[in-house]
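A structural walkthrough
The primary structure of each chain is shown beneath.
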Amino acid sequence: MEIRQVGVIGAGQMGGGIAQVCAQAGLAVRLCDIDPAQQARAMAQMRRSLDKLAAGQAGQAGLEPDAVLARVATVSGPGALAGCELVVEAASEQLALKLRLLGEAAAAVGPDAIIASNTSSISLTRLAAAVPSPQRVIGMHFMNPVPLMPLVEIIRAEQTDDATHRAIEALTTRLGKTPVTVGDAPGFVSNRVLMPMINEAAFCVHDGVADPAAVDAVMTLGMRHPLGPLALADLIGLDTCVAILDVLYSEFRDSKYRVCPLLARYVAAGRLGRKSGRGFYDYTDRS
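Residues numbered from 1 in each chain as written. Predicted model: local features only at pLDDT ≥ 70, side-chain atom pairs only at ≥ 80, totals over all residues. Heavy atoms only, no water.

**Comments concerning the overall build of the chain**
Applicable threshold: Under the DSSP-based scheme used, a helix requires at least four consecutive residues in state H or I and a strand at least two consecutive residues in state E, with every element numbered from the N terminus. Based on C-alpha atoms, the radius of gyration is set beside the globule rule, defined as 2.2 Å times the residue count to the power 0.38. When a residue's accessible area, from a 1.4 Å probe over protein chains only, is under 20% of the maximum for its type it is buried; when over 50% it is exposed; and in between it is partly exposed. In what follows, residue pairs with any heavy atoms lying within 4.5 Å of each other are defined as contacts. Reported accessibility uses the Shrake-Rupley method at a 1.4 Å probe radius. Residues are deemed covered only where the shown protein chains occlude them. Positive: Lys, Arg. Negative: Asp, Glu. His and the chain ends are not part of the count. Charge placement uses NZ in Lys and CZ in Arg. For Asp and Glu, CG and CD serve respectively.
When you go through the chain residue by residue, the secondary structure sums to 11 helices and 8 strands. On C-alpha atoms alone, the chain measures out to a radius of gyration of 19 Å, which is about the 19 Å that the 2.2 N^0.38 rule sets for 287 residues. Based on the C-alpha atoms only, the size of the chain along its principal axes is roughly 55 × 45 × 35 Å. Looking at the chain residue by residue over its 287 residues, the buried ones come to 50%. Counted over contacts in the chain with a minimum sequence separation of 6, partners at least 24 positions apart contribute 66%. Total accessible area computed for the chain in this model is approximately 12800 Å², and 54% of it derives from carbon and sulfur atoms. Averaging the locations of the 26 positively and 28 negatively charged side chains of the chain gives two centres separated by 2 Å.

**Description of the pattern of salt bridges**
Under the convention used in this document: For this document, the term salt bridge refers to a Lys or Arg side-chain nitrogen within 4 Å of an Asp or Glu carboxyl oxygen.
The final tally for this structure, using the stated rule, is 11 salt bridges. With a shortest N-O distance of 3.1 Å, E85 and R4 are connected by a salt bridge. Of this pair, E85 sits in the loop between β3 (72–75) and β4 (86–89) while R4 sits in the segment before β1 (5–9); the two residues are 81 residues apart in sequence, bridging distant segments of the chain. With relative accessibility at 45%, the residue R4 sits in the partly exposed group. Ionic contacts of the salt-bridge type, sharing partners, join the residues E2, R4 and E85 into one network.

**Side note on the UniProt feature "site: Important for catalytic activity" (unreviewed entry) in the chain**
What counts is decided by this rule: UniProt positions are given in the numbering used here, feature names are shortened, and annotations may be inferred rather than shown by experiment. Contacts described as polar in this section are N or O atom pairs within 3.5 Å, which, within protein, must combine one atom able to donate a hydrogen with one able to accept it, while residues neighboring in sequence count only if both atoms come from side chains.
Feature annotation in UniProt assigns "site: Important for catalytic activity" (unreviewed entry) to the following positions: H141. For H141, the position within the fold is in strand β6 (residues 137–142). Look past the residues within four positions of H141 in its chain and what remains in contact with it is S117, N118, T119, S120, L151, V152, E153, I155, F188, S190 and N191. Looking at H141, its side chain comes within polar contact range of the side chain of E153, at 2.8 Å.

**A word on the sheet that holds β4**
So the rule is basically this: A pair of strands is labelled paired if DSSP reports no fewer than 2 bridges between them. Geometry is summarised by axes, namely lines fitted to C-alpha atoms with helices restricted to the contacting stretch, and by angles between N-to-C directions that run from 0 to 180 degrees.
In space, the 8 strands of this open sheet follow the order β3-β2-β1-β4-β5-β6-β7-β8, with mixed pairing throughout. A single partner strand is all that each edge strand has here, and the edge strands are β3 and β8 (178–182). Going across the sheet, the axis of each strand differs from the next one's by a mean of 25 degrees, ignoring polarity.

So this is what it looks like as structure tokens:
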């Protein structure tokens, strides 16, 4: 199957990034979100990102932002995705929401179109079971920020067939990313390893062992991590971290995945990280 048109459901941080890299690769993109304001924010963020890339800050001088953005059309409902050979769902990490959106997408596109989810923790096998022709369902877990991170974690559901897997591996390479295929288990590899580290870093703050800056300094200076776990949590979104940890705890029933009370309290207070202006750090005065 030749993929020429891609639908992306969800115009948030991840969905906008996925739309951008697909458009950069020459694909026509329909970015679907019911909120016009969110659509506008996504397009504005793409413009900022593309302008930086075009200036050579990520080694992509010569990129034409106007040409890339012209390949992205914003739409308000899954019905507008008809004709797409691939749909990538990038909604928030809620099982019921993802099941609904994937079902709507499958009803809108042709029976041979590939249905992918950018889920970071939810079972692809469970998602595929709700879609007609489940062999065409696969996971494409992009890393944040999508335009800069080279990895796409490819997750095969039990139902995913070889043709779907080959097509998505080839597309991932076309996007300039490196596909790494893993099995369908809670959190896959990335978040099964990452989230306990973020959670334990939060416990260090909660238990008074160190403040966030000290925790992050230990990991960046001592472990050579490019970004400390708490700064990374702010970038991901603390609500997303909590949602992933809840999935891990529910699936494994292992106390090591229990959410740190400080994380839960910050989310309840609306301190979600960069996107809300405050998480472990304050971003209100940062450009």
